[in-house]
Amino acid sequence: MTTKNKAEGSKAVMLFIGILSLLCALLYFGQLDTQLAFRRDEITQGQWWRLITGNVMHTNHWHLVMNLGGLWVMYLLHGFHFNLKGYLLLILSLSILEGVGLFLLYPGLHGYVGLSGILHGIFAFGAIQDIRAKYRSGWALLAGVIAKVGYEQFYGASQDVSELIGARVATESHLIGMCAGILCALGFWGYQKANVKVLRLPNN
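Residues numbered from 1 in each chain as written. Predicted model: local features only at pLDDT ≥ 70, side-chain atom pairs only at ≥ 80, totals over all residues. Heavy atoms only, no water.

1. Let's talk about the packing of aromatic side chains
Taken as a whole and assessed by the stated rule, the structure comprises ten aromatic pairs. Note on Phe82 and Phe125: the rings are 5.6 Å apart at their centroids and 25 degrees apart in plane angle, and the pair reads as stacked. Residue Phe82 is found in the loop between α5 (61–78) and α6 (84–105), and its partner Phe125 is found in helix α7 (residues 116–132); the two are separated by 43 residues along the sequence. Here Phe82 matches Phe125 in class, with each residue buried. Each ring, one from Phe125 and one from Phe188, has its centre 6.1 Å from the other, and the planes form 35 degrees; the classification is tilted. A residue pair is termed long-range when its members are at least 10 positions apart, and Phe125 in helix α7 and Phe188 in helix α10 (residues 171–199) qualify at 63 residues. (Phe/Tyr/Trp six-rings, centres within 6.5 Å; stacked < 30°, edge-to-face > 60°. Helix = DSSP H or I, 4+ residues; strand = E, 2+ residues; numbered from the N terminus. Buried < 20%, exposed > 50% of the residue type's maximum accessible area, 1.4 Å probe, protein only.)

Set out below in structure tokens:
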């Protein structure tokens, strides 16, 4: 990919993130929580879209601002790795894996909203892309997110953050998101290697 194509892809991703940020804000201020939030009882009754849409809903404006700020930080860290098609596919894949993972693996979780799980997935995916690009910082970033998520599983999240967003921080969503990001990165890596091998097959 040329430098020009990378720049154009980065701009397209930036535009998409801007649109996604606006969408999250409109949904929050539109008070559509009852129709779109992850709610286990409603999902079991056939409202499957909540598995995905719950990721773009938020508990309050502080929750919204923190998550959207995190989304832009992810772009600043790893936006150069993506084109628009790849980024759309990553967000959709992470959203599905996040919702399905929470639903299947945490039956005691009855409600969830927020982008934080997706953010952990993007971070983990970006760290692995850094590693593949031979950036030493990639290993530090990957180790950091694993350590953070591991710590949260034993000790929970900051009480100050819980008070700020007006709800318990769903640390299980961070674990699912991080694992989903790693799986997506490994899947993408495998796809690229397989594709290269196919292209290199000799003609019969």
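The structure having been displayed, the exposition proceeds.
2. A word on the nonpolar core
Counting residues in each nonpolar core, the largest one holds 40 residues, and the members touching the most others are Cys24, Leu71, Tyr87, Leu94 and Ile122. Going through the elements one at a time, α1 (3–29), α5, α6, α7, α8 (136–155) and α10 are the ones with two or more residues in this core. Contact partners of Leu71, with chain neighbours within four places excluded, come to Ile17, Leu20, Ser21, Tyr87, Leu119 and Ile122. Grouped together as the second largest cluster of nonpolar side chains are nine residues, Phe38, Ile43, Phe103 and Tyr112 included. (Core = buried A, V, L, I, M, F, W, Y, C linked by side-chain atoms within 4.5 Å. Contact = heavy atoms within 4.5 Å.)

3. A few points about the packing of α5 against α7
Close contact between α5 and α7 brings their axes to 10 Å; oriented N to C, the two are set at 10 degrees. As the angle between them shows, α5 and α7 are arranged roughly parallel. Residues Asn67, Gly70, Leu71, Met74, Leu77 and His78 of α5 touch α7, and the partners they reach there are Ser116, Leu119, Ile122, Phe123, Gly126, Ala127 and Asp130. Per-class residue counts for the contact of α5 with α7 are seven nonpolar, five polar and one charged. (Axes fitted to C-alpha atoms, helices over the stretch in contact; angles between N-to-C directions. Parallel < 35°, antiparallel > 145°, perpendicular 65-115°, else oblique. Nonpolar A, V, L, I, M, F, W, Y, C, P; charged D, E, K, R; others polar.)

4. Description of α5
Taking 1.5 Å of rise per residue, the 18 residues of α5 would be expected to cover 26 Å, and the 26 Å separating its terminal C-alpha atoms lies within 8% of that figure. Considered for burial, the residues of α5 that qualify are His63, Leu64, Asn67, Leu68, Gly70, Leu71, Met74, Tyr75 and His78. Looking down the long axis of α5, one finds its buried residues gathered within 150 degrees of arc, a one-sided arrangement. Where α5 begins, one side-chain oxygen reaches toward the backbone nitrogen of Trp62, 3.1 Å away; that side chain belongs to Asn60. (Expected span 1.5 Å × (residues − 1). Arc of directions from axis to C-beta. Polar contact = N/O pair within 3.5 Å; in protein donor to acceptor, adjacent residues only side chain to side chain.)

5. Thoughts on the packing of α7 against α8
For any two helices packed against each other, one specifies the inter-axial angle together with the distance between the axes. Between α7 and α8, the shortest axis-to-axis distance is 7 Å and the interhelical angle comes to 150 degrees. In this view, α7 runs roughly antiparallel relative to α8, as classed from their interaxial angle. Crossing of α7 over α8 shows left-handed handedness. For the pair α7 and α8, contact is made by His120, Phe123, Ala124, Ala127, Ile128, Asp130 and Ile131 and by Ser137, Gly138, Trp139, Leu141, Leu142, Val145, Lys148 and Val149, respectively. Tallied by class, the residues present in the contact of α7 with α8 amount to ten nonpolar, three polar and two charged. (Left-handed = near helix turned anticlockwise from the far one by under 90°.)

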